Amino acid sequence: MGEEIAISLKNISKSYKRYARPVDRLKEILLPGKSHAQEFWALNNINLDIPKGETLGIIGQNGSGKSTLLQIIAGTLTPTIGEVSVHGRVSALLELGSGFNPEFTGKQNVFFNGQILGLSRAEIEAKFDKIASFAEIGDFMEQPVKTYSSGMFVRLAFSVAINVNPEILIVDESLAVGDGIFVHRCMAKIRDFQDSGGTILFVSHDVGSVSRLCSKAIWINQGILVDTGQPAEVCKHYQAWVHEEVNKRTSINLDSNKNENIAANEEEIDLTKITIKESNPFTKKPYMAFYGFERFGTGRAEIEHISVLDSQGKPIQLVYPGDVLKIRITTFRHDKVRKPNVGIALLDRLRTVLSGWSTELLDKNFASYWLSKSEIGRATVDFEFIWPHLAGGNYALDIAFGDGTHENLEMLDWIQNAIVIQAAVNDLVEGVFQVSGRKIRLYEESLCTQ
Ligand SMILES: Nc1ncnc2c1ncn2[C@@H]1O[C@H](COP(=O)(O)OP(=O)(O)OP(=O)(O)O)[C@@H](O)[C@H]1O
């Protein structure tokens, strides 16, 4: 028997009307029959089957069509073309508190929302205390929601969404508005919901959360489904593309070296072009090393070589907590680099960034004494650090070479998964890492019985 499908989208397209000027909208109202609008396709021919129990991550830049897609699934928008079938009760936490009436009190909104979700009054009454206690907004429950802070809004909205026994839960980044403790409580609830077989659609720009939480991911760009698959893979492709885009916007002095692979306003994204670069876009020559690795950047300077060494400078295959590691990165500048900045990021196998640091972060003056010798040429940077008490397994390093500062950086060369580090442990590590300085003390009280 095949897997049970919770949501099926067939050839879904959605067009919106767009008016060049506000007066065009008015003209259309006053003179019906003649359209003054332009047709804008926010979604284009989306085909997707989401099995029951899946946690699907949806990524894409602003305006790519994610909310439109979710609203179609939630039933608050109808597609212009195509068929949607949804099996199960959908509870959507879309945009901050949407679906709440600002004039109603929190309590009235709980009832109002519950009814929209198909619950009877008696059912909502039975759940009300649970909803109120999870939201923890106290007396504000009796106040109109227009008086709520954005954090209170999201507390109540999430509490309603999760406590109405949905079968499909749609959550977007508005959760991040909550304070740290609340976000933890929400994540615990989301995990319980996953464990109980619920289907989740999770929209986020944070690729780390998508990799950690989701069993599958899709990437939507300009209304087109450009990638679908394992979350870590899809996130990697998306990040690669984001970097290309950032470079396109910030690139300077590159007019004569435009990479014809990346046509401006390219309609469809060809993943083979953006993820694996065998030749340097600046020199047009094969990269000096790392053929076939996923890398991106303008190529005005590149990473030539990376090695993982121990404190004595010997290559190291296996690391233990407490070992001193040196990541030796050799770079080559083909062109003038104003502020060289090398960075490394340590990632787990789900591509969660565990830690990241750069030459700029460790030493503000690093760039200036680096450049004291020559404009074009080779330089080697050693990143030395102590391997943390992480659980055993494979960890990856992304290595980046940029021109500029953290806020304004031209990515010259970024190599994903440039190095994989095999980590071992001497003792059992419960969880992701072992906290340091662990001690136990016993204070026993003796009770004298006479
Ligand atoms: N009611 C509307 N009328 C006209 N255009 C719209 C309407 N709603 C959305 N759009 C346009 O459709 C495109 C997709 O919007 P959508 O909100 O679905 O994107 P998104 O990926 O959710 O963006 P974000 O990450 O910023 O929330 C955008 O270009 C947006 O301007």
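Just so it is clear, the model here is predicted, and its values are computed rather than measured. (Residues numbered from 1 in each chain as written. Predicted model: local features only at pLDDT ≥ 70, side-chain atom pairs only at ≥ 80, totals over all residues. Heavy atoms only, no water.)

**Details of unusual backbone geometry**
Excluding glycine, a negative phi dihedral is what most residues carry, and trans is how most peptide bonds are arranged. Going by this rule: Segments assigned H or I by DSSP are reported as helices when at least four residues long, segments assigned E as strands when at least two residues long, and all are numbered from the N terminus. Residue exposure (1.4 Å probe, protein chains only): buried if accessible area is under 20% of the type maximum, exposed if over 50%, otherwise partly exposed.
One non-glycine residue, Asn 11, lies in positive phi territory at about 50 degrees. Mapped onto the fold, Asn 11 is located in strand 1 (residues 5-18). Look at Asn 11 and you get partly exposed, because its relative accessible area is 39%.

**Describing the confidence of the model for the protein**
Inclusion rule: Residue-level confidence of the predictor is summarised by pLDDT, bounded by 0 at the bottom and 100 at the top. Note on definitions: a residue-residue contact is assigned when non-hydrogen atoms from the two residues lie within 4.5 Å.
Here the protein shows a mean pLDDT of 84. Residues at 70 or above account for 87%. Helix 9 (residues 271-275) is the least confidently modelled element of the protein, averaging 51 in pLDDT, while strand 4 (residues 81-86) averages 96, the highest of any element. Low pLDDT, under 50, characterises residues 250-267; the stretch is placed with 25 contacts to residues that sit more than four places away or in other chains.

**Overview of the site of the ligand**
Short version of the rule: When at least one non-hydrogen atom of a residue lies within 4 Å of a molecule or strand, that residue is treated as near it. Side-chain atoms alone can form a polar contact between residues adjacent in sequence; in general such a contact is a pair of N or O atoms within 3.5 Å, and within protein one must be able to donate a hydrogen while the other accepts it. Note that accessible areas follow from Shrake-Rupley with a 1.4 Å probe, and for residues the cover is restricted to the protein chains shown.
In the neighbourhood of the ligand, 14 residues make up the surrounding shell, with Asn 62, Gly 63, Lys 66, Ser 67 and Thr 68 lying closest. Here Asn 62 contributes a side-chain N or O atom positioned 2.9 Å from an oxygen atom of the ligand. Here an oxygen atom of the ligand sits 2.5 Å away from a polar atom, N or O, in the side chain of Thr 68. Here the ligand, which alone exposes 640 Å², has 64% of that area covered by the protein.

**Topic: the environment of Val 145**
With respect to the helices and strands, Val 145 occurs in the loop between helix 4 (121-135) and helix 5 (150-163). It is 5.5 Å that separates the C-alpha atoms of Val 145 and Thr 105, two residues lying 40 residues apart in sequence. Excluding anything up to four places from it in sequence, Val 145 contacts Phe 100, Asn 101, Pro 102, Phe 104, Thr 105, Gly 106, Asn 109 and Phe 153.

**Considering the nonpolar core**
Inclusion rule: Only buried residues count toward a nonpolar core. Its members are Ala, Val, Leu, Ile, Met, Phe, Trp, Tyr and Cys residues joined through side-chain atoms within 4.5 Å.
Counting 46 residues, the largest nonpolar core has Val 110, Leu 156, Phe 158 and Leu 169 as its most contacted members. Residue contributions to this core peak at nine residues, all from helix 5. Counting residues in each nonpolar core, the second largest holds 33 residues, with Ala 301, Ile 329, Val 337 and Ile 344 among its members.

**Overview of the sheet that holds strand 9 (residues 224-229)**
Rule in force here: Two strands are said to pair when DSSP picks up at least two bridges between them. Lines are fitted to the C-alpha atoms to define the axes, a helix being fitted only along its stretch in contact, and any angle between axes, read from their N-to-C directions, falls within 0 to 180 degrees.
With mixed pairing, the six strands of this open sheet are ordered in space as 5-6-7-3-8-9. For this open sheet the edge positions go to strand 5 (90-93) and strand 9, each flanked by a neighbour on one side alone. In this sheet, adjacent strand axes meet at a mean angle of 15 degrees when their direction is disregarded. As paired elements, strand 8 (residues 216-221) and strand 9 share five bridges and run antiparallel to each other. Bridge pairing in strand 9 places Ala 217 opposite Gly 229.

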